[in-house]
There are 2 protein chains.
Amino acid sequence: MQAQDRMDPSQTLSIDAMGGDNAPRIVVDGVAEFLESRPHMKALLHGDEALLAPLMAGRSVLQARATLVHAGEKITSDMKPSQALRRGKGTSMWNAVEAIRDGKAGASVSAGNTGALMAMSMLILRKMDGVHRPAMTAVWPTLRGRTIVLDVGANVEADAQQLVSFAIMGEAFARATLAIARPSVGLLNIGSEEMKGHEEVREAHEWLRAAGLDLDYRGFIEGDDISMGMVDVVVTDGFTGNVALKTGEGVARMLASHMREAFTESLMSKAGALLAMNGLKRLKSLMDPSNVNGGVLLGLGGISVKSHGSADARGFARACEMAADLAASDFQGEIAANLAKIGTGGVAA
Amino acid sequence: MQAQDRMDPSQTLSIDAMGGDNAPRIVVDGVAEFLESRPHMKALLHGDEALLAPLMAGRSVLQARATLVHAGEKITSDMKPSQALRRGKGTSMWNAVEAIRDGKAGASVSAGNTGALMAMSMLILRKMDGVHRPAMTAVWPTLRGRTIVLDVGANVEADAQQLVSFAIMGEAFARATLAIARPSVGLLNIGSEEMKGHEEVREAHEWLRAAGLDLDYRGFIEGDDISMGMVDVVVTDGFTGNVALKTGEGVARMLASHMREAFTESLMSKAGALLAMNGLKRLKSLMDPSNVNGGVLLGLGGISVKSHGSADARGFARACEMAADLAASDFQGEIAANLAKIGTGGVAA
């Protein structure tokens, strides 16, 4: 480990440099891009010194504000969560998360194995008081900006109280990362008139309306409202949220493929694409997952951010920015305050 | 009722001419378009004679092959299913469905109130033997063609046996409407490694693998596989299916809106759009919901097709084509044969 003094934990990120499809190269590039855009931030880079040192050499922003922390082992993408927990100690992922618990950094970022990262984060950072189940967030690009959707797969089911706690955690998360003072919250449901959703969803709806929670609850929304940006936070169980997220990604990918075809089918259409270049570039950027990279397992005693495994350097930098925003905010305190109000089933309905 | 002899029920559709946002005009136009493309088909048009007769006047295809059946009442879009059942008798929707039960036509089509149509269809046509819960289908445009998704909202939950019956019904439906001899079937799930979905989904998976059903079951798929066209039939519960369908529609609508902006932001981009016109037209048609219009409540003793309420004439014609394909096929018989194999819980696992 290189010597480095005077690190402020809340202005330091702890990075798993070995996780992700193109690690460590894109991770190092992404951290460099992040540090350039945030001049007050520093980074710990956990990973194999023999691989990392050459990538960091001669780059002034990394030399000045990144610290290499050697870890000889790493978590592979095919490892099961249980294996990762057994053999995890000393890996770059483990060390990156452990640095949060030990107060060396304000948040960690990894593009590695999702299941392993979730399991490790829960083990090392523990659940916050009052949280029964942590929830995974996704940032969803909409017509009006961005919307937070949770849970997108940390759990397969959720009872009413868990849905209410997801609403509380998502609302504080949206305030910290979307810079919205009072984010609006909706509960995902289906529209058929006389049988509005499961019992869990209907019960959570009553709680959110009745409980004296400090949040702007707007009631039920439907699937097509997500992309319209109807609310800032969409609450659902992990099964439905995961299906919705992946289904949306699939539709976007299909349309992007059709669009590429439409603009390459003839000389005329290629010329058309050239003329409309500016608009098309903006469209491409809107559809680019790198621009909304970063998921967080909410409800833990520290901040562990998951980047897409296939993120490029820019995408990884976005995940770092989210981690930095969270580390600088009081969203953990806000969550604790609202969670205390729902107590153990003690909501006046 | 106009006199009309020698109608072959399987070559006749029974149409609710008063249902939908722009009824009866687009319904009459849609039926005319349908009859022109299917010279052997006939239609019963149920609705207000005073409104329908002028719309049908002077149009030779309608004069030759459509029969006006007067109904003085109609179901409105804000009526609850229970109201529709109480006051439904004698409405255009009721009469359209009743004509199927009475053997006057092979299938009915309505663009009216979904909940009312579902309730009425169940009451009049009854469930098939062996079906506990009917399921609503949707046709999903994919990279490879079209995929059937069910249930998209007839029920909010589904146990393992119901999921298996959805697979059986969807497979027969896909063969009849997509002209695929042996449609492949997948079960919608989430991808996390060590906890593959709810118990219901895992149990249905075992049944589909073990039971001696005559269908090409491919196992679990995830949300993004739907638009890739990974399988011909996607099986899920009504809550998840409805959320997936509406979420996908929302994403497509958002991207279409961004695309319009990209091609109108400057003179250059407008010129580009002109040059790329052919490709863009094809893209627009791929994204046009009218091209995949028509949902069916499977598992009843007759065929009742639901058109989008906002469908245009072409969209309504597509729903009629689907109804005609179903009326000409033996999909009800195929469903009955496979359902008999799962019996009442009697699958050898």
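This is a predicted model, so every value here is computed, not measured. (Residues numbered from 1 in each chain as written. Chains lettered and ligands numbered in written order. Predicted model: local features only at pLDDT ≥ 70, side-chain atom pairs only at ≥ 80, totals over all residues. Heavy atoms only, no water.)

A.B. asks: Got a minute to help me understand the packing of aromatic side chains in this structure?
C.D. replies: The relative placement of two aromatic rings is captured by the distance of their centres and the angle of their planes. Evaluation of the coordinates by the stated rule reveals 3 aromatic pairs over all chains. Taking the centre distance of 5.6 Å and the plane angle of 15° together, the rings of Phe263(A) and Phe263(B) count as stacked. In this pair, Phe263(A) is assigned in the loop between α10 (238-262) and α11 (267-275) and Phe263(B) in the loop between α10 (238-262) and α11 (267-275), connecting two distinct chains. Assigned by exposure class, Phe263(A) and Phe263(B) land together as buried. (Phe/Tyr/Trp six-rings, centres within 6.5 Å; stacked < 30°, edge-to-face > 60°. Helix = DSSP H or I, 4+ residues; strand = E, 2+ residues; numbered from the N terminus. Buried < 20%, exposed > 50% of the residue type's maximum accessible area, 1.4 Å probe, protein only.)

A.B. asks: Can you help me understand the pairing of strand β4 (residues 107-110) of chain A in this one?
C.D. replies: Residue and element names in this part refer to chain A. Neither face of β4 is open: one carries Ala107 and Val109, the other Ser108 and Ser110, and all of them are buried. Pairing between strand β1 (residues 12-16) and β4: 4 bridges, direction parallel. Paired with Leu13 across the strands is Ala107, a residue of β4. (Pairing = 2+ DSSP bridges.)

A.B. asks: Any chance you could explain the relation of the copies chain A and chain B here in plain terms?
C.D. replies: Between the two copies of the chain lies a rotation about an axis combined with a shift along it. Turning chain A through 180° and shifting it by 0.0 Å along the axis lays it on chain B, with an RMSD of 0.0 Å. Considering both components of the superposition, the chain copies are consistent with a two-fold axis. Rotation axis and chain A: the residue whose C-alpha lies nearest the axis is Gly272(A), separated from it by 1.8 Å. In this assembly, 100% of the residues forming the interface of chain A have copies in chain B that are likewise at the interface, indicating an isologous arrangement. (Least-squares fit on C-alpha atoms with pLDDT ≥ 70 in both. Contact = heavy atoms within 4.5 Å.)

A.B. asks: Quick question: what am I supposed to make of α10(B) here?
C.D. replies: Note: α-helices contain 3.6 residues per turn, so residues at a spacing of three or four share the same orientation. Residues and elements named next belong to chain B. With 25 residues, α10 should reach 36 Å at 1.5 Å per residue; the first-to-last C-alpha distance of 36 Å fits that figure. Along α10, 20 of the 25 residues are buried, which leaves the element largely enclosed by surrounding structure. N-capping of α10 is provided by Asp237, with a side-chain oxygen placed 3.1 Å from the backbone N of Phe239. (Expected span 1.5 Å × (residues − 1). Polar contact = N/O pair within 3.5 Å; in protein donor to acceptor, adjacent residues only side chain to side chain.)

A.B. asks: Please clarify how the sheet that holds strand β8 (residues 216-221) of chain B should be interpreted in this entry.
C.D. replies: For sheets, the rule is that strands pair by backbone hydrogen bonds, running either parallel or antiparallel. Residue and element names in this part refer to chain B. Taken in spatial order, the 11 strands line up as β3-β2-β1-β4-β11-β10-β5-β6-β9-β7-β8 in an open sheet, and their pairing is mixed. In the strand order of this sheet, the two ends are held by β3 (66-70) and β8, each with one partner. Neighbour-to-neighbour, the strand axes of the sheet open up by a mean angle of 25°, direction not taken into account. When strand β7 (residues 184-188) meets β8, the two strands line up parallel, connected through 4 bridges. Residue pairing in the sheet places Leu187 in a bridge with Phe220 of β8. (Axes fitted to C-alpha atoms, helices over the stretch in contact; angles between N-to-C directions.)

A.B. asks: Got a minute to help me understand the sheet that holds β4(A) in this structure?
C.D. replies: All names here are of chain A. Reading across from one edge, β3-β2-β1-β4-β11-β10-β5-β6-β9-β7-β8 is the order of the 11 strands in this open sheet, with mixed pairing throughout. Each edge of the open sheet is held by one strand with a lone partner, namely β3 (66-70) and β8 (216-221). Ignoring strand direction, the axes of neighbouring strands in this sheet form an average angle of 25°. Where strand β10 (residues 295-298) meets strand β11 (residues 303-306), 2 bridges bridge the pair, whose relative direction is antiparallel. The partner of Val296 across the bridge, within β11, is Val305.

A.B. asks: Can you walk me through the pattern of salt bridges in this structure?
C.D. replies: Side-chain pairing between opposite charges can occur once the charged atoms of the two side chains come close. A full pass over the atoms with the stated rule returns 26 salt bridges over all chains. Each of Arg25(A), Asp29(A) and Arg59(A) takes part in one network of salt bridges that share partners. (Salt bridge = Lys/Arg side-chain N within 4 Å of Asp/Glu carboxyl O.)

A.B. asks: Please explain the domain arrangement of chain A as it appears in this structure.
C.D. replies: How large an interface is tends to be reported as the accessible area lost when its parts come together. Domain boundaries in chain A define domain 1 (1-125) and domain 2 (132-295 + 329-349). Computed over C-alpha atoms, the centres of domain 1 of chain A and domain 2 of chain A are 28 Å apart. (Domains from an automatic or database assignment.)

A.B. asks: When you look at the packing of helix α5 (residues 92-101) of chain A against helix α6 (residues 114-125) of chain A in this model, what are you seeing that I'm missing?
C.D. replies: When two helices pack together, you describe them by how their axes are tilted relative to each other and by the distance separating the axes. Residue and element names in this part refer to chain A. Between α5 and α6, the shortest axis-to-axis distance is 10 Å and the interhelical angle comes to 30°. For the pair α5 and α6, the sense of crossing is right-handed. For the pair α5 and α6, the contacting residues are Met93, Trp94, Val97, Glu98, Ile100 and Arg101 in the first and Ala116, Leu117, Met120, Ser121, Leu123, Ile124 and Leu125 in the second. (Left-handed = near helix turned anticlockwise from the far one by under 90°.)

A.B. asks: Please clarify how unusual backbone geometry should be interpreted in this entry.
C.D. replies: Cis geometry marks the peptide bond from Leu150(A) to Asp151(A); its omega dihedral reads 0°. With respect to the helices and strands, Asp151(A) occurs in the loop between β6 (146-150) and α7 (160-178). Ala23(B) connects to Pro24(B) through a cis peptide bond whose omega is 0°. Despite not being glycine, Arg126(A) shows a phi value in the positive range, around 65°. Summarising the element assignment, Arg126(A) is placed in the loop between α6 and β5 (135-141). At Ala179(B), a residue that is not glycine, the phi angle is positive and equals roughly 55°. Relative to the helices and strands, Ala179(B) is located in the loop between α7 (160-178) and β7. In this structure Ala179(B) comes out as exposed when scored by relative accessible area, which is 72%.

A.B. asks: Looking at this structure, I do not really get the interface of chain A and chain B. What am I missing?
C.D. replies: Contacts between the two partners involve 62 residues from chain A, matched on the other side by 62 residues from chain B. Summed over both sides, the interface of chain A with chain B buries roughly 5400 Å², with 72% coming from carbon and sulfur. Across the chain A-chain B interface, the total number found is 4 salt bridges. For Glu222(A), the salt bridge is made with Lys246(B), and the minimal N-O distance between the two is 2.4 Å. Between chain A and chain B we count 6 residue pairs in polar contact (both at pLDDT 80 or more) in total. Looking at the side of chain A that touches chain B, the elements that each hand over two or more residues are α4 (81-87), β5, α9 (223-228), α10, α11 and α12 (277-287) of chain A. With 20 residues, the top contributor of residues to the side of chain A that touches chain B is α10(A). Tallied by class, the residues present in the side of chain A that touches chain B amount to 30 nonpolar, 22 polar and 10 charged. (Buried area = accessible area lost by both parts, 1.4 Å probe. Nonpolar A, V, L, I, M, F, W, Y, C, P; charged D, E, K, R; others polar.)

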